[in-house]
Amino acid sequence: MLKHFASEKSVHTDPDTGAEVIRWTGSPARDNHLYFTTPSVTRDNRWLVIQSERLGSVNLFAVDRDSGTIFPLSQNEHGTQRSYCWPIGTRDGLVKASPALDPDRNRLFYVQGDSLWRVELDDAERGATPQHVWTLPVGWWGAFNHVSPDGGKVCVPLVDPRAFPEGLRTQRQQMDIGPRIIDALGLTSRLYVIEVATGAAEVVAEVPFWCTHVQFDPTGSGRMIFNQEGHRLYSHSRTWCLEPHGAWRPLYDEPDDEFDNHENWSSDGSMIVYHGARSEKPLIAARRWDGSLIFETVFDGEHIGHTTPTLDSRGFITDGGRHVSVFVDDNAGGMRGQRLCRHDCNQVLNQDDHVHPLVTPRSDSVVFASNVLGTSNVYEVDLA
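Fair warning: this is a prediction, and the values are worked out from it, not measured in the lab. (Residues numbered from 1 in each chain as written. Predicted model: local features only at pLDDT ≥ 70, side-chain atom pairs only at ≥ 80, totals over all residues. Heavy atoms only, no water.)

1. Digging into the overall build of the protein
Tallying secondary structure elements over the protein gives one helix and 29 strands in all. Taken over C-alpha atoms, the radius of gyration comes to 20 Å for the protein, in line with the 21 Å a tight globule of 384 residues would show. By its C-alpha atoms, the protein is 55 × 50 × 40 Å across when sized along the principal axes. Split into buried and exposed, the 384 residues of the protein put 58% on the buried side. Within the protein, counting contacts between residues at least 6 apart in sequence, those at least 24 apart form 47% of the total. Of the roughly 15300 Å² that the protein leaves accessible, carbon and sulfur atoms contribute 46%. Mean positive and mean negative side-chain charge positions of the protein (35 and 52 charges, respectively) differ by 2 Å. (Helix = DSSP H or I, 4+ residues; strand = E, 2+ residues; numbered from the N terminus. Rg over C-alpha atoms; globule rule 2.2 N^0.38 Å. Buried < 20%, exposed > 50% of the residue type's maximum accessible area, 1.4 Å probe, protein only. Contact = heavy atoms within 4.5 Å. Areas by Shrake-Rupley, 256 points an atom, 1.4 Å probe, with all protein chains shown as cover. Lys, Arg positive; Asp, Glu negative; His and termini not counted. Charge placed at Lys NZ, Arg CZ, Asp CG, Glu CD.)

As structure tokens, this is what we get:
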């Protein structure tokens, strides 16, 4: 059993807002919460899940939110596996993009080597033992996975490995070159849905572009949204809709002067929220499943970064500029922003140095990352 780590929790007062900010990690290694299309905190508020390189190779850990003790969940000694956002790596390591949390059952799913694994967070104190769920097709590159709301299925998007020639060094190179090769060679991405109980797998869609994000409808309808990475090279559709019977279509056609990014369901499934830019000005918008527009706000003079909705779908958490902020309806056809705290993160094009703010399942706080101290650490601030 891997050793646990004593609490690294510390608290400071934000100099701009006076908010109390928790820093959960303090190692010299990279420490990150999970990607913001999946929760990082369980609904019972017991656990915070992080990725950390404190053991040399990247591994997954559960932070006890009462004591701050950090318990290992995975047993990876083979570094980072090549995947979306991480083009450099091994074939046997852990896929950093892959962890997906089932917050209601305190289970974590992730890809390491050629397998999808499941680990029970509530076993962490006794020594969690990962359980094999499914064997992936050899060599296909992974991305951001997602768990169905009933915990019974995991969607795993994979792309043909011929899309990525040897020698790619950066995420920018991967995103510039991969979509062009996929289009030129007629390659595909496959959206696998895995039955957790049996390990049975089904390709629910095979699409002629690079898919890197998938999310189940939180209402349990069986619908999913997914993306086309690099979509501006070939079409005007970033966000796509997958019906339970397998038909898929774009959410809507983006206008020529718009660039959409980072789609997310609202917690009640009533809308799909996305952010991007219109004529180079920041944009937050939402649409219904049929593609009809619910609202959109184009900002002038505001910095809008990665955006996710609050659980009541009335606010939007962003990491633009130097702050984690929440924007809410101003009752006049626009939005007003409230700064929660500084993050002061240097957000280069590197997933390990992104803030990715995400509201916790209880909707009372926001988890985020920052490299303000040199390497990334995990923080939390109240959503007041």
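2. Things to note about the pairing of strand β19 (residues 258-265)
Burial analysis of β19 places seven of its eight residues in the buried class, which makes it a mostly covered element. Examined bridge by bridge, β19 and strand β20 (residues 272-278) share six bridges and lie antiparallel to one another. Along β20, the bridge assignment pairs Glu 258 with Arg 278. Connecting β19 to the antiparallel partner β20 that follows it, the hairpin turn spans six residues, and Gly 269 within it adopts a positive phi of roughly 75°. (Pairing = 2+ DSSP bridges.)

3. Let's talk about the packing of aromatic side chains
What the rule picks out here adds up to 19 aromatic pairs. Between Phe 5 and Phe 61, the aromatic rings sit 6.1 Å apart at their centres with planes inclined by 75°, giving edge-to-face as the arrangement. Remark: Phe 61 occurs in strand β5 (residues 57-64) and Phe 5 occurs in the segment before β1 (10-13); sequence separation between them is 56 residues. With relative accessibility at 15%, the residue Phe 5 sits in the buried group. Judged by relative accessible area, Phe 61 falls into the buried class, the value being 0%. Measuring from ring centre to ring centre gives 5.3 Å for Phe 299 and Phe 327, while their planes differ by 70°; the resulting arrangement is edge-to-face. Placement of the pair is Phe 299 in the loop between β22 (293-298) and β23 (307-309) and Phe 327 in strand β25 (residues 323-329), with a sequence separation of 28 residues. Residue classification places Phe 299 among the buried positions, given a relative accessible area of 5%. Looking at Phe 327, the relative accessible area reads 3%, which means it is buried. Through pairs of rings, three or more aromatic residues link up here, namely Tyr 35, Phe 36, Tyr 84, Trp 141, Phe 144, Phe 164 and Trp 210. Stacked on the ring of Phe 5, the Lys or Arg Arg 54 has its end atom at 4.8 Å from the ring centre. (Phe/Tyr/Trp six-rings, centres within 6.5 Å; stacked < 30°, edge-to-face > 60°. Lys NZ or Arg CZ within 6 Å of the ring centre and 35° of its normal.)

4. Considerations on the side chain of Ser 148
Examined against the element boundaries, Ser 148 turns out to sit in the loop between β11 (146-147) and β12 (153-159). The exposure class of Ser 148 is buried, given its relative accessible area of 6%. A polar contact of 3.3 Å, which involves the side chain of Ser 148, links it to the backbone nitrogen of Gly 152. Discounting residues that sit within four places of it in the chain, Ser 148 has contacts with Lys 153 and Phe 216. (Polar contact = N/O pair within 3.5 Å; in protein donor to acceptor, adjacent residues only side chain to side chain.)

5. Let's talk about the sheet that holds β19
Taken in spatial order, the four strands make up an open sheet running β19-β20-β21-β22, and their pairing is antiparallel. On the outer flanks of this sheet lie β19 and β22, each paired with one strand and no other. Going across the sheet, the axis of each strand differs from the next one's by a mean of 20°, ignoring polarity. (Axes fitted to C-alpha atoms, helices over the stretch in contact; angles between N-to-C directions.)

6. A few points about helix α1 (residues 171-185)
Three or four residues apart is the spacing at which side chains of an α-helix point the same way, because the helix has 3.6 residues per turn. The end-to-end C-alpha separation of α1 is 21 Å, in line with the 21 Å expected for 15 residues at 1.5 Å each. Buried within α1 we find Gln 171, Gln 174, Gly 178, Pro 179 and Ile 182. Once α1 finishes, Gly 186 follows within two positions and takes phi at roughly 70°, a positive value. (Expected span 1.5 Å × (residues − 1).)

7. Section: the sheet that holds strand β17 (residues 239-242)
Spatial ordering of the open sheet is given by β15-β16-β17-β18, a layout of four strands whose pairing is antiparallel. Lying at the two open borders of the sheet, with one neighbouring strand each, are β15 (214-216) and β18 (248-250). Ignoring which end each strand starts from, the neighbouring axes of this sheet average 25° apart.

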